[in-house]
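# Architecture at a glance
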Amino acid sequence: MFTQYKLPFAYDALEPVIDALTMETHHSKHHATYTKTLNELAEKAGVADTPIETLLSSLDSIQDTALRNGIRNNGGGFYNHNLYFSVLSPKGAREPSGDLAKKINEAFGSFDSFREQISKLAVTQFGSGWAWLSVASDGSLVLSQSANQDNPFSLKSGTKPIFCIDVWEHAYYLKFKNLRADYVKELFKVVDWDEVAKNYELSR
């Protein structure tokens with residue numbers, strides 16, 4: 001059974017960056033629905049005990065087209081939101097340090113350059129989707145973007161995500177309206193880079 005990530009803070013804790021209504025709707029409605037639907041579909045497909053990363057990486061093994069597409073969409077929504085919510089915090093490191101900081105500097109020149117590059121991917125993603133920071137098999141850091149609820153696993157990129165930016169309109173529209181770039185810029189004020197660093201260590 002797949003378990004929805006439980007927020008360790010109140011829905012209003014990220015204000016003024018993310019308002020309480022957006023957080024409550026995003027987490028208790030959208031994310032909860034993805035989780036519930038994924039569990040229902042995974043049970044029907046006989047894959048309820050498969051780790052989500054493995055499941056999304058092997059969607060071709062699900063023969064039923066409707067089940068495969070449903071698990072791709074809802075499984076992606078489940079995984080993506082678990083990661084997204086887990087790296088947000090009203091407190092925490094606002095810039096990376098240690099090994100992660102060194103890797104970011106090596107890959108992108110500086111944290112500011114990294115932030116600029118991933119923000120561009122988030123802002124220019126056409127329609128709904130995501131921007132990703134992932135770790136490749138050789139340990140290098142790579143950036144990517146994906147549409148809808150796809151992610152590096154379902155796209156078979158061979159990388160492991162450690163940070164993401166949600167650019168579905170439900171993530172920001174109540175506060176920022178059509179100004180996606182403003183949302184992306186503000187989001188970095190509530191990212192906890194210590195949590196991203198933990199993901200980086202687990203990916204190695």
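Let me sum up the structure you'll find in this document. (Residues numbered from 1 in each chain as written. Predicted model: local features only at pLDDT ≥ 70, side-chain atom pairs only at ≥ 80, totals over all residues. Heavy atoms only, no water.)

### Brief notes about the packing of aromatic side chains
In total, this model carries 14 aromatic pairs according to the counting rule given. When the ring of Phe163 is compared with that of Trp193, the centres are 5.0 Å apart and the planes differ by 40°; the resulting orientation is tilted. Here the residue Phe163 occupies a position in strand β3 (residues 160-166), and Trp193 occupies one in helix α8 (residues 193-203), the gap between them amounting to 30 residues. Here Phe163 matches Trp193 in class, with each residue buried. Here Tyr172 and Tyr173 contribute two aromatic rings whose centre-to-centre distance is 6.4 Å and whose plane-to-plane angle is 50°, an arrangement assigned as tilted. The class of Tyr172 is buried, set by a relative accessible area of 4%. The partly exposed category is assigned to Tyr173, whose relative accessible area is 35%. Stacked on the ring of Phe188, the Lys or Arg Arg115 has its end atom at 6.0 Å from the ring centre. The aromatic ring of Phe176 is capped on one face by Lys175, whose charged end is 5.6 Å from the ring centroid. (Phe/Tyr/Trp six-rings, centres within 6.5 Å; stacked < 30°, edge-to-face > 60°. Helix = DSSP H or I, 4+ residues; strand = E, 2+ residues; numbered from the N terminus. Buried < 20%, exposed > 50% of the residue type's maximum accessible area, 1.4 Å probe, protein only. Lys NZ or Arg CZ within 6 Å of the ring centre and 35° of its normal.)

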